[in-house]
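# Chains, contacts and geometry: an overview
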Amino acid sequence: MAEIARLPGEGCRHFDAGRCLYEEHLNPGYDARYRCLVLEHWAEAFDEFLSRAEAFRVEQDAVSGLWARQFQRLARRTLHCARHEFCAAAEAPACLHVVDGLCRLNLPACEGRCRHFRPAEPEEKA
């Protein structure tokens, strides 16, 4: 008897480079496991910076300049992700796997067309 295989998930609005975004589209930001670890680290550093700035009563005008310098140092440090793949065209942190603040590699693999398959919307031509 022949083995039945699913059709590929390509063409689905939830499909992205072999990964399934269905759960993320259903509840954006809900599952912390999908988030980029580097961006999470940067967000924690920003929250800590704001807390310190508030504790030291730093003036509002100075906060953005101080954060810009702090962030430059933070971004130059070693990234805290072993799966980081540099891509100059990608969004921060210049990783091939980051999409909308998520790590594509943390998303579940697409197993092919499923009950959640929805055709992707056609891209507008410029």
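Before any of the text, the structure's been laid out above.
Now for a look at the structure at hand. (Residues numbered from 1 in each chain as written. Predicted model: local features only at pLDDT ≥ 70, side-chain atom pairs only at ≥ 80, totals over all residues. Heavy atoms only, no water.)

### Side note on the side chain of Asp 31
Condition: Secondary structure follows DSSP: runs of H or I at least 4 residues long count as helices, runs of E at least 2 residues long count as strands, and numbering of each begins at the N terminus. Polar contacts here mean pairs of N or O atoms no more than 3.5 Å apart (in protein, one a potential hydrogen donor and the other a potential acceptor; neighbouring residues in sequence count only if both atoms are side-chain atoms).
Its place among the elements puts Asp 31 in the loop between helix 1 (22-26) and helix 2 (37-55). A polar side-chain atom of Asp 31 sits 2.5 Å from a polar atom in the side chain of Arg 33.

### As for the packing of aromatic side chains
Note the threshold: To pair, rings of Phe, Tyr and Trp, with the six-membered ring standing in for Trp, must have centres within 6.5 Å; the planes then decide the type, stacked if under 30 degrees apart, edge-to-face if over 60, and tilted in the middle. Type-normalised accessible area, obtained with a 1.4 Å probe on protein chains alone, sets the label of each residue: buried when under 20%, exposed when over 50%, and partly exposed for intermediate values.
Scanning the entire structure with this criterion turns up four aromatic pairs. Ring centres of Phe 46 and Trp 67 lie 4.9 Å apart, and the angle between their planes is 70 degrees; this geometry places the pair in the edge-to-face category. Here Phe 46, found in helix 2, pairs with Trp 67, found in helix 3 (residues 60-76); they are 21 residues apart in sequence, far enough to count as distant. Given a relative accessible area of 16%, Trp 67 falls into the buried group. What links up through ring pairs into an aromatic cluster is the set Trp 42, Phe 46, Phe 49, Trp 67 and Phe 71.

### Some thoughts on the pattern of salt bridges
The criterion, for reference: Salt bridges are identified by distance alone: a Lys or Arg side-chain nitrogen within 4 Å of an Asp or Glu carboxyl oxygen.
Enumeration over the complete set of coordinates arrives at four salt bridges. A salt bridge links Glu 121 to Arg 13, with the nearest nitrogen and oxygen atoms 3.8 Å apart. Separated by 108 residues along the polypeptide, Glu 121 in the segment after strand 4 (102-103) and Arg 13 in the segment before strand 1 (15-16) bring together distant segments of the chain. The exposure class of Glu 121 is exposed, given its relative accessible area of 60%. Judged by its relative accessible area of 39%, Arg 13 is partly exposed.

### What about the packing of helix 2 against helix 3?
Just so we agree on the cut-off: Convention adopted: a line fitted to C-alpha atoms gives each axis, helices being fitted over their contacting stretch, and angles between N-to-C directions are expressed from 0 to 180 degrees. Crossing handedness is defined as follows: a turn of the near helix away from the far one that is anticlockwise and smaller than a right angle gives a left-handed crossing, while the clockwise case is right-handed. The criterion used for residue contact is that any of the two residues' heavy atoms lie within 4.5 Å. Side-chain classes follow a simple rule in which Ala, Val, Leu, Ile, Met, Phe, Trp, Tyr, Cys and Pro form the nonpolar group, Asp, Glu, Lys and Arg form the charged group, and the remainder, Gly included, forms the polar group.
One can describe the packing of helix 2 onto helix 3 by two numbers: an axis separation of 11 Å at closest approach and a directional angle of 145 degrees. The two elements helix 2 and helix 3 cross, and the hand of that crossing is right-handed. Contacts between helix 2 and helix 3 involve His 41, Trp 42, Ala 45, Phe 46, Phe 49, Leu 50, Arg 52 and Ala 53 on the former and, on the latter, Val 63, Leu 66, Trp 67, Gln 70, Phe 71, Leu 74 and Ala 75. Within the contact of helix 2 with helix 3, the residues separate by chemical class into 12 nonpolar, two polar and one charged.

### Brief notes about the environment of Glu 24
By secondary structure assignment, the location of Glu 24 is in helix 1. As a C-alpha pair, Glu 24 and Pro 108 span 84 residues in sequence and 10 Å in three-dimensional space. Beyond its immediate sequence surroundings of up to four residues, Glu 24 is in contact with Gly 29, Tyr 34 and Leu 102.

### Description of the nonpolar core
Our working rule: Here, nonpolar core means buried Ala, Val, Leu, Ile, Met, Phe, Trp, Tyr and Cys residues that are tied together by side-chain atoms lying within 4.5 Å of each other.
In this structure, Cys 36, Val 38, Trp 42, Ala 45, Phe 49, Ala 53, Val 63, Trp 67, Leu 74, Cys 95 and Val 98 together form the largest nonpolar core, which totals 11 residues. At the level of elements, helix 2 and helix 3 are the ones that each hand at least two residues to this core. Sequence-distant contacts of Ala 45, defined by excluding residues within four places in its chain, comprise Trp 67 and Leu 74.

### Considering the environment of Val 58
Structurally, the position occupied by Val 58 is in the loop between helix 2 and helix 3. Beyond its immediate sequence surroundings of up to four residues, Val 58 is in contact with Ala 53, Val 63 and Leu 66.

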